[in-house]
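# Secondary and tertiary structure notes
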Amino acid sequence: MLIIEICKSPFFGRNINRSFPAIFRLNREEQGNLRRFREVRGEMQPTHAIRLHQAVSWFRCAEQYADTDDDISFITLWIALNSCYAINDQNDQHEERSEFKNFTDTLVQLDAQEKIYNCLWMNHSKFVRMLIDSQYVFPPFWKSQIDGDESWKPKFDASRKRAKHALANSEVSVLLSIVFDRLYVLRNQLIHGGATHQSQVNREQVINGKRMLIELLPVVIELMFDDKQDWGDIYYPVIENN
């Protein structure tokens, strides 16, 4: 993995290799790439290095809770994901969704080894299908509960059809976007206090969502070591006091 090398960079001021989980340590097969990793480290923009450092820090937190608290692990995995892409709090919801879609499209384009495909189709296909078929993680469903109508149903049917078409035709970017959209509802339920801590009501979704994100996040972070891409600005940059 590339992550160790960036964390040795002067932007962080310390070597945190020893405290990283095994998933982020270089194995023997990767030792030959150290020279390339060092080149990447030297060329990386400081703001991009900070972005990845923040993402890794939250991933490490998620790892610590992975076996003891699924809710906390899921939440911190989502924070790690948020750290990876630019979020402007001044943007409206449509702009943010468009920004995130561009982010996922870029990841899929960079994923030459098809690790995202393998995660969605090979390792978590059953959970992906469950997300597609569940109205409880479909955003318009909850709006209709407030409005007292059933306008969510045709939208849900269209979304399911689109997702299953993506599944059948290996449209990775489309399916990844839909999966994240569904998981975002689960994230909101937890973050905004709409679910009881360690509740059995959404337990299966939280556990499986955690398992998927804990596999996807290292892939996302490693792909983002391609500093030639425009990953956007950091909207909460580190500001040093004079």
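Rules used in this analysis
- Residues numbered from 1 in each chain as written.
- Predicted model: local features only at pLDDT ≥ 70, side-chain atom pairs only at ≥ 80, totals over all residues.
- Heavy atoms only, no water.
- Helix = DSSP H or I, 4+ residues; strand = E, 2+ residues; numbered from the N terminus.
- Buried < 20%, exposed > 50% of the residue type's maximum accessible area, 1.4 Å probe, protein only.
- Contact = heavy atoms within 4.5 Å.
- Areas by Shrake-Rupley, 256 points an atom, 1.4 Å probe, with all protein chains shown as cover.
- pLDDT = per-residue confidence, 0-100.

## Details of the overall build of the chain
- Summing up its helical and strand segments, the chain has 11 helices and 0 strands in all.
- Reading the helices (α) and strands (β) of the chain from amino to carboxyl end gives α-α-α-α-α-α-α-α-α-α-α.
- Within the chain, the proportion of its 242 residues that are buried is 47%.
- Contacts spanning at least 24 positions in sequence make up 72% of the contacts within the chain whose residues lie at least 6 apart.
- Only carbon and sulfur atoms are counted for the fraction: they give 47% of the accessible area of the chain, which is about 13500 Å².

## Quick look at the environment of Ser173
- Examined against the element boundaries, Ser173 turns out to sit in helix α10 (residues 172–191).
- Judged by its relative accessible area of 14%, Ser173 falls in the buried class.
- C-alpha separation for the pair Ser173 and Lys101, spaced 72 residues apart in sequence, amounts to 8.4 Å.

## Section: the confidence of the model for the chain
- This prediction gives the chain a mean pLDDT of 82; 78% of its residues lie at or above 70.
- Every residue in residues 1–35 is under pLDDT 50, and counting partners more than four places away or in other chains gives 69 contacts.

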